[in-house]
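# Close look at the chain arrangement
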Amino acid sequence: MHRATPATALPRGATALFAVACGTAVANVYFAQPLLVALGNEFAIAPAALGAVVTLTQIGYGLGLFLIVPLGDRLDPRRLITVQLLLLAAALLFVATATSSAALLAGMASVGLLAVVTQSLVACAASFTEPARRGRVVGTVTSGVVTGILLARTVSGLLGDLAGWRSVYLTSAVLTCAAALALHRVVPRRDTPAPTLGYGRLLTSTVRLFTRERLPRLRALFALLVFAAFSTLWSSVTLVLSDPPMSLSSTAIGAFGLLGAAGALAANAAGRLNDRGHANRTTGFGLALLTLSWLPLALTRHSLWALAAGVVLLDLAVQAVHVTNQSLIHALHPEAGSRLIGGYMVFYSIGSAAGALAATTLYAAAGWSAVCVLGAGFSGLALVVWALTESGATRPAGKMSTTTHAPAGARPRR
């Protein structure tokens, strides 16, 4: 296990830098959402097929989670994170200069593949933090992720209106290069030998961690359903707000992302509650709130205030569950933190991709009310699963057994 010691712990202020870098990286996955109409017009993509832009980005993200993030348990984190960020900047430049729909979609998939540096940063921050503070640090870093997701929609909408959609990706490429330089100076070097697993065994051990451990499987299922609901809203709300009678601009649509700032507050609070042993209760409350959020969201065509209320509730709920999930699964096997976080986030990506494709297709066929039923269905199903498994859903992170099975290639902890 890679223990956080004074020699390897994050330097003062590094947690905030990690949060900013996570927000900058993850924003790239969501930039396209307020720009879907503009992208559809420029590349002649039919409204029913616009979800493919988001879906391919999420598919790339899912592949990166499985193929790249586990490398954090084997390679020097400083080098891995720096290289990922530089390659991400190159992918963003490719998107910004795309001249065909095929090039655009290929670029979006590449951006998703490399934006998983976000999860490499989360796993790195957790591994260099002592267990008593791990939930708090993960919560702080995840609050940066939440802020990045929210600002992504606002910034892309504003820049899209002012300077065109390409300016969004050019600006992000510059910021990503700056983040690479800053993190190369700050990320600690690992002071303990990394596992000697080959790449193939590293990936298969990720699968084994989920096939033999109940907690990661359950938390992964929560992630799939919760982010399917999240993506159902944010992939289709652009369409309903840009259609008559509302006909809002990209800037106005993106501004609704700021209303989810409550999600950043929820991320910090959930991390602290997890450190105190209240993870399961936080999960149940979050899933109940997520289900209820679809009641005001269903009234969006009649009231923007209802949309605002629904967005606040939904983002708060999603981030509370998400932080709790990550804190718990990392605590299960800290020496395999990157593999656990990466494997968990694969299900996040599957849920996000499925929600985006289903929501945009359903909106074109049956309208906003049907989309809200879909989102409520994902949310309600997650709540039912939690209720059925509540008695054994989790153990407090601080009380994890030290006799759980270690992943392949790791020595049992004593």
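Residues numbered from 1 in each chain as written. Predicted model: local features only at pLDDT ≥ 70, side-chain atom pairs only at ≥ 80, totals over all residues. Heavy atoms only, no water.

## What about the packing of aromatic side chains?
- Applying the stated rule across the entire model yields 8 aromatic pairs.
- Note on tyrosine 61 and tyrosine 348: the rings are 5.7 Å apart at their centroids and 55 degrees apart in plane angle, and the pair reads as tilted. With tyrosine 61 in helix 3 (residues 51-67) and tyrosine 348 in helix 16 (residues 337-366), this residue pair connects regions lying 287 residues apart in the sequence.
- What makes tyrosine 61 buried here is its relative accessible area of 1%.
- Classification of tyrosine 348 as buried rests on a relative accessible area of 3%.
- On the numbers, 4.3 Å between centres and 70 degrees between planes, the contact of phenylalanine 227 with tyrosine 348 is edge-to-face. Highlighted residues: phenylalanine 227 in helix 10 (residues 214-242) and tyrosine 348 in helix 16, separated in sequence by 121 residues.
- Among the aromatic side chains, those forming a connected cluster through ring pairs are Tyr30, Tyr61, Phe227, Phe230 and Tyr348. (Phe/Tyr/Trp six-rings, centres within 6.5 Å; stacked < 30°, edge-to-face > 60°. Helix = DSSP H or I, 4+ residues; strand = E, 2+ residues; numbered from the N terminus. Buried < 20%, exposed > 50% of the residue type's maximum accessible area, 1.4 Å probe, protein only.)

## Here's the deal with empty space enclosed by the protein
- Counting across every chain of the model gives 2 cavities of 30 Å³ or more.
- The calculated volume of the second largest cavity comes to roughly 50 Å³.
- Across the lining of the second largest cavity, the residue classes tally to 7 nonpolar, 3 polar and no charged. (1 Å grid on protein atoms, 1.4 Å probe; cavity = no way out; pocket = protein on both sides within 12 Å on 5 of 7 lines; lining within 4 Å. Points joined across faces, edges and corners; volume = space filled by probe spheres on them. Nonpolar A, V, L, I, M, F, W, Y, C, P; charged D, E, K, R; others polar.)

## Here we look at a nonpolar patch on the surface
- A surface patch of nonpolar side chains, about 340 Å² in accessible area, is lined by Ile59, Leu63, Leu67 and Tyr199.
- Here the element with the most residues in the nonpolar patch is helix 3; it accounts for 3 residues. (Patch = residues over 30% accessible without salt bridge, like charges linked within 9 Å, V, L, I, M, F, W, Y side chains within 5 Å. Areas by Shrake-Rupley, 256 points an atom, 1.4 Å probe, with all protein chains shown as cover. Salt bridge = Lys/Arg side-chain N within 4 Å of Asp/Glu carboxyl O.)

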